[in-house]
Amino acid sequence: MTVTFEVRDGVGTIQLDRPPMNALDVAIQDRLRELAEEATRREDVRSVILYGGEKVFAAGADIKEMQAMDHTAMVLRSKGLQDAFTAVARIPKPVVAAVTGYALGGGCELALCADFRIAADNAKLGQPEILLGLIPGAGGTQRLARLIGPSRAKDLIFTGRMVKAEEALTLGLVDRVVPAAEVYEQAHAWAAKLAKGPALALRAAKESVDAGLETDLDTGLTIERNWFSGLFATEDRERGMRSFVEEGPGKATFG
């Protein structure tokens, strides 16, 4: 199996397992889509970790596989590629990428699909497709620009250069840098904490932010308002407010 999925304490770990570099071939892409859809459906999965193992996150696409494709083949495949990554990005639950070693090309694009990125101090990230005479094709030109801004994204995409963890942190490409041995542990702690939170409110928060970024301010405010008022129909809202009034902030437990 090139991608595995394990659930513990409400946290589902999607782990790439294609040594030595977790090259993202068509089989892995399709499996990622399937597991993202499974994580979306399963009520026992309340948050998700994307992980490539202790040594490498993913060093990019399978170049040999891509080299064999002509224009027609890639026209037919490119939507499946994007659909796989979009399925990960649209998991309606908190998603954290635990990035070790290389996260290049498709690997970087996969990390961009997460809500939060924890990187090892030895991590290297980048979009080197330009060095192949290509551009990113799994969302890199779009998600990277939205995350770190267009000029910084263009620098990385135009040059194809890799950035080390500390520069990635400065750019906003990752959110935390930790010792390599602690990446998964810290990612699991982040995900486990959110797994105990109110699932519908977390879903509402994620969709409001993500959908709002794709539209104008007034439409974004409408999305927020509809989710905000809708949450007043949930048991979690009742629990949270009752706990606040009776016990003070931060002590509510959610089902």
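A brief structural summary. Worth saying up front: this structure is predicted, and the values here are computed from it rather than measured.

### Focus: the sheet that holds strand S8 (residues 162-164)
Note: strands within a sheet are paired through backbone hydrogen bonds, in either parallel or antiparallel orientation.
Now for step 1: Here we have three strands laid out as an open sheet, ordered S5-S7-S8, and mixed in their pairing. The two strands at the open ends of the sheet, each matched to only one other strand, are strand S5 (102-104) and S8. Strand after strand, the sheet turns through a mean of 20° between neighbouring axes, direction not considered.
Now for step 2: The sheet contact formed by S5 and strand S7 (residues 124-126) spans three bridges and is parallel. Note that in S7 the partner of Tyr102 across the bridge is Lys124.

### Details of a nonpolar patch on the surface
Now for step 1: On the surface, Met21, Tyr102 and Met162 cluster together to form a nonpolar patch covering roughly 260 Å² of accessible area.
Now for step 2: Positionally, Met162 belongs in strand S8.
Now for step 3: Note on Met162: relative accessible area 42%, which makes it partly exposed.

### Brief notes about the packing of aromatic side chains
Any pair of aromatic rings gets described here by the distance separating the centres and the angle formed by the planes.
Now for step 1: Evaluation of the coordinates by the stated rule reveals three aromatic pairs.
Now for step 2: On the numbers, 5.5 Å between centres and 70° between planes, the contact of Phe228 with Phe232 is edge-to-face.
Now for step 3: Under the relative-accessibility criterion, Phe228 is labelled exposed at 54%.
Now for step 4: What makes Phe232 partly exposed here is its relative accessible area of 38%.

### Some thoughts on the nonpolar core
Now for step 1: If you look at the biggest cluster of nonpolar residues, it comprises 47 residues, and the most contacted ones within it are Leu50, Phe57, Leu125 and Leu173.
Now for step 2: The element best represented in this core is helix H3 (residues 71-89), accounting for six residues.
Now for step 3: When near neighbours in sequence (up to four residues on either side) are disregarded, Leu173 contacts Cys108, Leu112, Arg117, Leu125, Leu144, Leu147, Ile148, Leu156, Val163 and Ala168.
Now for step 4: Within the second largest apolar cluster, 15 residues are counted, among which are Val11, Val178, Val183 and Trp190.

### Quick word on the side chain of Thr234
Now for step 1: Relative to the helices and strands, Thr234 is located in the loop between helix H10 (217-230) and helix H11 (235-247).
Now for step 2: A polar side-chain atom of Thr234 sits 3.2 Å from the main-chain amide nitrogen of Arg237.

### Considerations on the packing of helix H5 (residues 140-148) against helix H6 (residues 150-159)
Now for step 1: In contact at an axis separation of 7 Å, H5 and H6 are set at 135° when each is read in the N-to-C sense. Classified by the interaxial angle, the pair formed by H5 and H6 is oblique. For H5 against H6, the interelement crossing comes out right-handed. Along its contact with H5, which presents Gly140, Thr141, Leu144, Ala145 and Ile148, the element H6 presents Pro150, Arg152, Ala153, Leu156 and Ile157.
Now for step 2: Along the lines of polarity and charge, the residues of the contact of H5 with H6 split into seven nonpolar, two polar and one charged.

### Examining the side chain of Asp62
Now for step 1: By the secondary structure assignment, Asp62 is in the loop between strand S3 (47-51) and helix H2 (63-67).
Now for step 2: Looking at Asp62, its side chain comes within polar contact range of the main-chain nitrogen of Lys64, at 3.3 Å.
Now for step 3: One polar contact links the side chain of Asp62 to the main-chain amide nitrogen of Glu65, over a distance of 3.1 Å.
Now for step 4: Ignoring any residue separated from it by four or fewer positions in sequence, one finds Asp62 in contact with Arg18, Ala23, Leu24 and Asp25.

### As for the environment of Leu125
Now for step 1: One can find Leu125 in strand S7.
Now for step 2: Leu125 sits in the buried class, given a relative accessible area of 0%.
Now for step 3: Once residues lying within four places of it in the same chain are set aside, the contact partners of Leu125 are Ala103, Leu104, Cys108, Arg161, Met162, Val163, Ala168, Leu173 and Val174.

### Let's talk about the pattern of salt bridges
Now for step 1: Enumeration according to the criterion identifies 15 salt bridges in this entry.
Now for step 2: One salt bridge in this structure joins Arg33 and Glu37, with 4.0 Å as the shortest N-O distance. In this pair, Arg33 and Glu37 both sit in helix H1 (residues 26-41), four residues apart, roughly one turn of the helix.
Now for step 3: Looking at Arg33, the relative accessible area reads 26%, which means it is partly exposed.
Now for step 4: Residue classification places Glu37 among the partly exposed positions, given a relative accessible area of 37%.
Now for step 5: Here Glu38 makes a salt bridge to Arg42, at a shortest N to O gap of 2.9 Å.

Conventions and cut-offs
Residues numbered from 1 in each chain as written. Predicted model: local features only at pLDDT ≥ 70, side-chain atom pairs only at ≥ 80, totals over all residues. Heavy atoms only, no water. Pairing = 2+ DSSP bridges. Helix = DSSP H or I, 4+ residues; strand = E, 2+ residues; numbered from the N terminus. Axes fitted to C-alpha atoms, helices over the stretch in contact; angles between N-to-C directions. Patch = residues over 30% accessible without salt bridge, like charges linked within 9 Å, V, L, I, M, F, W, Y side chains within 5 Å. Areas by Shrake-Rupley, 256 points an atom, 1.4 Å probe, with all protein chains shown as cover. Salt bridge = Lys/Arg side-chain N within 4 Å of Asp/Glu carboxyl O. Buried < 20%, exposed > 50% of the residue type's maximum accessible area, 1.4 Å probe, protein only. Phe/Tyr/Trp six-rings, centres within 6.5 Å; stacked < 30°, edge-to-face > 60°. Core = buried A, V, L, I, M, F, W, Y, C linked by side-chain atoms within 4.5 Å. Contact = heavy atoms within 4.5 Å. Polar contact = N/O pair within 3.5 Å; in protein donor to acceptor, adjacent residues only side chain to side chain. Parallel < 35°, antiparallel > 145°, perpendicular 65-115°, else oblique. Left-handed = near helix turned anticlockwise from the far one by under 90°. Nonpolar A, V, L, I, M, F, W, Y, C, P; charged D, E, K, R; others polar.

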